[in-house]
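Residues per chain, in single letters:
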Amino acid sequence: MERPRVFVTRTVPDAALQLLRAGTDLEVWQGELPPSPGELREKARDAVGLLTTLTDRVDAALLDAAPRLKVVSNVATGTDNVDVAEATRRGVLVGRTPGVLVKTCAEFTMALLLASARRVVESDRYVHQGAWKTWHPMAFLGRDLAGQTLGIAGLGQIGLEVARRALAFEMRLVYFSRTRKHEEERHLPLTWAPGLKELLPQVDFLTLHVPLTPQTRHLIGERELASMKPTAMLVNTSRGPVVDQRALYQALRDGVIAAAALDVTDPEPISPQDPLLALPNVVITPHIASASHATRTRMAVLAAENLLAALEGRLPPHCANPEAFRRP
Ligand code: GLV
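Residues numbered from 1 in each chain as written. Predicted model: local features only at pLDDT ≥ 70, side-chain atom pairs only at ≥ 80, totals over all residues. Heavy atoms only, no water.

## With respect to the pairing of strand β1 (residues 5–8)
Judged from the 4 bridges that link them, β1 and strand β2 (residues 25–28) form a sheet pairing that is parallel. Bridging across to β2, F7 finds its partner in E27. Crossover β1 to β2 through helix α1 (residues 14–23) is right-handed. (Pairing = 2+ DSSP bridges. Helix = DSSP H or I, 4+ residues; strand = E, 2+ residues; numbered from the N terminus. Right-handed = clockwise from strand over helix to strand, strands pointing away.)

Shown next as C-alpha cells:
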C-alpha cells in the first residue's frame, strides 16, 4: 500500500520524526532557512500532511497547490501563520500544540521581566566590553519586582502560569482578559480590570499573553503606551504585531515608558537597522520562549501525533478547526 506523503518544513527533534517515519513517506526540509513560499508549494504538491512551523505561511495559494492535503500540523500553539478559515473550507485539519509549552514560556517571561527590571543584558554587555572599572553604589540601579503591580493582558494558560510565578516574587496581580476568570480568581489573588483603559495606568510591568487576531493587532499602540506610568516596563512573549512597534520605539526613546523586553517582533527577524536595537532600554530575543530541549521535543511529538491522527481518520487531539473533521 502506498504510504501517505508527509513534508516537514524544518528539522525538528528526532522523537517526532521517528513517529512520522514509521507510518509515512517522509521528507524533511534540511535548510537553515525555511522553504520559500514557492518551494513550500512545490513540496506540498503531492503531500497528504504538512508539519509546519510559525515561519511557514499556510494560505489559500498553498492550499490550492496541495489538492491531496488532509492536515497541516503546526509546531506551535499559535496558528496565526495559517489561514484556518481557508483550510476549513477545503476540509484540511489544522493541528496545534497548546499546553506542553506553558511552563517553559512562563519561565521565559519571568526571565525577561527580571532582565528588564535588573538591567541584566545591559550590564552584561558592559562587562564584556571591558568597561567595568569599579563597584559603584549608583551603577545599574534597577527596579524590584517585589511590591510592584504586574498587569497581565490575556489570562490563558501561559498568563496564569506567569501569575503564579509573579506571586512568588511578591507582585500584585491585575489582569485583563476577554472573559473574566472567576475560577482562577478564587485560587489566586487576581484583580480583574474590565479593559486595558483601566489596567494600563496602574501597572509597573505589563506582560502580553493574547493570541494574534485582527482584534489584538496593535493592541498596544501610542495611546495605550501614553496611558502607562513613565516607569513602566513592557514584556512581550506573545506575537510581535500585538504591539505597534513604531509607537513602542517612540515611547521608549521619549521616556513615555521605561523599558521593554521582547521575545517577538514585527517583522521577524527584526531588521538589524531597526532603531529599537540602538536603544539601551530594550532587550530582544529571537522568539525563543518555548525553546527548551524538553518542550521543543514535546511540541514536535504532539504535532506528529496530531498529524498521524488526521491521516488515520481520527480528530487530532489538538485541532484548531474541528468543524473541518469528516468521519471517514
Ligand atoms: C510559539 O510562539 C508558539 O505559538 O508556539
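## Side note on the environment of T297
Mapped onto the elements, T297 comes out in helix α12 (residues 293–311). As for T297 and V12, which are separated by 285 residues in sequence, their C-alpha atoms are 7.7 Å apart. Excluding residues within four positions of it along the chain, T297 makes contact with P13 and A15. (Contact = heavy atoms within 4.5 Å.)

## Some points on the environment of V301
Inspection of the secondary structure puts V301 in helix α12. Separated by 21 residues in sequence, V301 and P280 place their C-alpha atoms 39 Å apart.

## Some points on the side chain of D274
Residue position: D274 is located in the loop between β11 (259–262) and β12 (282–284). Although buried, D274 forms no salt bridge, and the nearest oppositely charged side chain, R246, lies 9.5 Å from it. At a separation of 2.9 Å, a polar atom in the side chain of D274 contacts the main-chain amide nitrogen of L276. (Buried < 20%, exposed > 50% of the residue type's maximum accessible area, 1.4 Å probe, protein only. Lys, Arg positive; Asp, Glu negative; His and termini not counted. Salt bridge = Lys/Arg side-chain N within 4 Å of Asp/Glu carboxyl O. Polar contact = N/O pair within 3.5 Å; in protein donor to acceptor, adjacent residues only side chain to side chain.)

## A word on the domain arrangement of the chain
Entries for the chain in the domain assignment read domain 1 (5–100 + 293–324) and domain 2 (102–284). Computed from C-alpha coordinates alone, the two centres of domain 1 and domain 2 are separated by 31 Å. Across the contact, 7 residues belong to domain 1 and 6 residues belong to domain 2. Across the domain 1-domain 2 interface, the total number found is 1 salt bridge. The partner of R239 in a salt bridge is D80, and the shortest N-O contact between them spans 2.9 Å. Linking domain 1 to domain 2 there are 4 residue pairs in polar contact (both at pLDDT 80 or more). (Domains from an automatic or database assignment.)

## A closer look at the packing of aromatic side chains
As enumerated under the stated definition, the model contains 2 aromatic pairs in all. Summarising the aromatic geometry, the rings of F7 and W29 are spaced 6.4 Å apart at their centres and angled 80° between planes, so their arrangement reads as edge-to-face. Remark: W29 occurs in the loop between β2 and α2 (37–44) and F7 occurs in strand β1; sequence separation between them is 22 residues. For F7, a relative accessible area of 1% puts it in the buried group. Note on W29: relative accessible area 17%, which makes it buried. Ring geometry for Y126 versus F140: centroids 4.9 Å apart, planes at 70°, classification edge-to-face. Of this pair, Y126 sits in helix α6 (residues 120–128) while F140 sits in the loop between α6 and β6 (149–153), and the two are 14 residues apart along the sequence. (Phe/Tyr/Trp six-rings, centres within 6.5 Å; stacked < 30°, edge-to-face > 60°.)

## Observations concerning the packing of α1 against α12
Helix-helix packing: each pair is described by the crossing angle between the helix axes and the interaxial distance. Put simply, α1 and α12 touch, their axes get as near as 7 Å, and they point 15° apart. Classed by the angle they form, the pair α1 and α12 counts as roughly parallel. Along this stretch, α1 crosses α12, giving a crossing that reads as right-handed. Between α1 and α12, the residues in contact are A15, A16, L19 and L20 and T297, A300, V301, A304, E305, L307 and L308, respectively. For the contact of α1 with α12, the residue count by class is 9 nonpolar, 1 polar and 1 charged. (Axes fitted to C-alpha atoms, helices over the stretch in contact; angles between N-to-C directions. Parallel < 35°, antiparallel > 145°, perpendicular 65-115°, else oblique. Left-handed = near helix turned anticlockwise from the far one by under 90°. Nonpolar A, V, L, I, M, F, W, Y, C, P; charged D, E, K, R; others polar.)

## Regarding the nonpolar core
Grouped together as the largest cluster of nonpolar side chains are 55 residues, with contacts concentrated most on V8, L20, L51, L113, L150, L190 and F205. By residue number, the principal contributor to this core is α12, which donates 9 residues. Summarising the domain contributions, this core has at least three residues from each of domain 1 (5–100 + 293–324) and domain 2 (102–284). If near-sequence neighbours (up to four positions away) are discounted, F205 is found in contact with L113, A117, R143, D144, L145, Q148, T149, L150, G151, M171 and M233. By size, the runner-up hydrophobic cluster in this structure holds 31 residues, among which are L199, V203, L219 and I257. (Core = buried A, V, L, I, M, F, W, Y, C linked by side-chain atoms within 4.5 Å.)

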